[in-house]
Each structure stands twice: as C-alpha cells, then as structure tokens.
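# Structural characterization, general
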Amino acid sequence: MAATADIPQRAAGGGLSTRRKRGALGLLAWLCGVVFFLPVAWMVLTSLHGESDAATNPPSLGAPLTFQGYREFFGASTGVSPWPPLINSLSASVLSTLLVLVLAIPAAYALSIRPVRKWTDVMFFFLSTKMLPAVAGLLPIYLIAKNSGLLDNIGLLVILYTSMNLPIAVWMMRSFLAEVPVEILEAASIDGAGLPTILTRIVAPVVAPGIAATALICFIFSWNELLFARVLTGVVAGTAPVFLTGFVTSQGLFLAKVCAAAVCISLPVLIAGFAAQDKLVQGLSLGAVK
C-alpha cells in the first residue's frame, strides 16, 4: 500500500520538474530574443538622437529625441531622394523572387514527387554552386555585363539574384514537396489533371506555407545583397544598400543619420517578415518534419 501511495507523489514530482524545465527553457528563449533585439532597439534609439548626442561615449540614453536623422535621409539638406534606390531594390527583389519560385517549384517537384534519375547528384550540383565565394565570380560577371551593355541595369540584378537564390529555393521546396501525400497526386492524375493543373491547384495550396517561407527568404537575400549591386550598378540602378553606403563619407561617420537610413531600409524586410510570420513558421516546420 505504501508503494502504491508513492506513485501519485512521484508523478506530481515529475510534473513539477517538467514544468520547471519548460519554464527555464522559456526564460532562456526570452533572454536570447532580448539579446538579439537589443542591437535593433539601440539602432532605432540612436536614429532618434542628434549627431552630437549619438557620438558621445558612452551614448546618452536620456538625450532629447529628434527626427533630424530621418529628414536627412529623405534629403532635407542634400536634396537627394532615397526613393529611386528603394524602388530599384523592391523591383529587383520582387521580380527575382517570382522568377525563383517559377523555376524552383517545378524543379523541386521533379526531384521529390516525380524523382529524376540520380536526383542526389542534381541536388549536390545545386548545393555546389553556393560553395564558390561571390567575390570569386565578380570579375567575369563584370566583364560579361560590360561587353553586353548591361552595367547599371536592373535586369542584370534580377538575373543575378535569381541565379543566387535558385539553389536555396530548390532545396527548401524539395523538403516541402516531399511531405505532399502521393495519393492526392495519383487521384488527380486518374481524374485527368495535367502537370500545370496539379502544380497550381493541388500542390501549391498544400505547400503554400513553404512557398511563403521560401519567397520571404529569397526576398530578404535579394534586398540585402550589396557586393554585386555596388560593383555592377551606378546612378540609374543603384539599390538601397548601395545608397546606404553613401552615408559613410570622407567627412566622417554621421551615426544618427546612418542609423536612420538603416532603419528605413530595413522596414520593408521587417514588414514582410511580420506579415508572413505565421506562414514562415508553418513553412519551416513543414520542411523540418521528415
């Protein structure tokens, strides 16, 4: 009887220990989130200070707030508008992301649901294209663009961003498409549905979270890309990251203005991330289940 009476106590003790572990893990997760968020909060706070207050060491937290850095970013004193670079970045990122999805989804379908011969070699080839440092291919790409008359052209950036993000998108989409029940596709084939119908009406709705996650990651990579945009563009096709580097001049680093510019340029990515937050979590979770 005594041994039987100890069972509920042990179960209660085990439940309490589990709750403590979960509480400790939750607290650790919150601490990690705060640590990662602190630089962003510091950047936003610095952007709201004057240059003299932002340059103090240590920085003054109680300094008066001002929007002068944002006014400088939008050309209050120089007259240089940030809208053309922002529009260039948006155009190159959106168009390249759409092209990546159009190419990656059929490729991933062929490598997962209807696997081609030696598909592992194909996947390794896609992965091997990311092993070469981007700077190693910069000179050949520059010479090709120069001889083709594509320097300072948004179309060139769209092609480059598509080629850069396509291997990642194929790998991600293959893991998502591998979770699609084959029975659904077989039933659609028996009903006479062709490949375009299967991809658009059956596969796409099932893996919509995965498509959203892939699109968001490709958009972020394209938006943040600096090396090729810095070398291959100029006045006409300059992107937002290139415009941001223009705030570091020979006169010095104006910290408040740089932080204000960084906040404004980061907003589209943050907005896209928050808008697709649930889809991103579902998509990454879907691809991780195997």
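Just so you know, these numbers come straight off a predicted model, no measurement behind them.

### Quick notes on the overall build of the protein chain
Each helix and strand counted, the protein chain has 14 helices and two strands in total. Among the 290 residues that make up the protein chain, the fraction classed as buried is 33%. Restricting the contact set of the protein chain to residue pairs at least 6 apart, pairs at least 24 apart contribute 75%. Carbon and sulfur atoms make up 71% of the accessible area of the protein chain, which amounts to about 17100 Å² in all.

### A closer look at the packing of helix H4 (residues 83-112) against helix H7 (residues 154-177)
Helix-helix packing is described using two parameters, namely the angle between the two axes and the distance between the axes. Two numbers describe how H4 lies on H7: the axes approach to 6 Å, and their chain directions differ by 40°. Here H4 runs over H7; the crossing is right-handed. Tallied by class, the residues present in the contact of H4 with H7 amount to 20 nonpolar, five polar and one charged.

### Notes on the side chain of Arg174
Mapped onto the elements, Arg174 comes out in helix H7. Nearest to the buried, unbridged Arg174 among oppositely charged side chains is Glu179, at 8.3 Å. Apart from residues lying up to four places away in sequence, Arg174 is in contact with Ala108, Leu111, Ser112, Trp119 and Met123.

### A closer look at unusual backbone geometry
The phi dihedral of Asp152 is positive, around 60°, even though this residue is not glycine. As for its placement among the helices and strands, Asp152 is situated in the loop between helix H6 (138-148) and H7.

### Describing the side chain of Thr46
Note that Thr46 resides in helix H1 (residues 2-47). Accessibility expressed as a relative area gives 6% for Thr46, which makes it buried. From its side chain, Thr46 meets the backbone oxygen of Trp42 in a polar contact 2.7 Å long. If sequence neighbours within four positions are ignored, Thr46 has contacts with Ala54, Leu255, Ala256 and Cys259.

Rules and cut-offs
Residues numbered from 1 in each chain as written. Predicted model: local features only at pLDDT ≥ 70, side-chain atom pairs only at ≥ 80, totals over all residues. Heavy atoms only, no water. Helix = DSSP H or I, 4+ residues; strand = E, 2+ residues; numbered from the N terminus. Buried < 20%, exposed > 50% of the residue type's maximum accessible area, 1.4 Å probe, protein only. Contact = heavy atoms within 4.5 Å. Areas by Shrake-Rupley, 256 points an atom, 1.4 Å probe, with all protein chains shown as cover. Axes fitted to C-alpha atoms, helices over the stretch in contact; angles between N-to-C directions. Left-handed = near helix turned anticlockwise from the far one by under 90°. Nonpolar A, V, L, I, M, F, W, Y, C, P; charged D, E, K, R; others polar. Lys, Arg positive; Asp, Glu negative; His and termini not counted. Salt bridge = Lys/Arg side-chain N within 4 Å of Asp/Glu carboxyl O. Polar contact = N/O pair within 3.5 Å; in protein donor to acceptor, adjacent residues only side chain to side chain.

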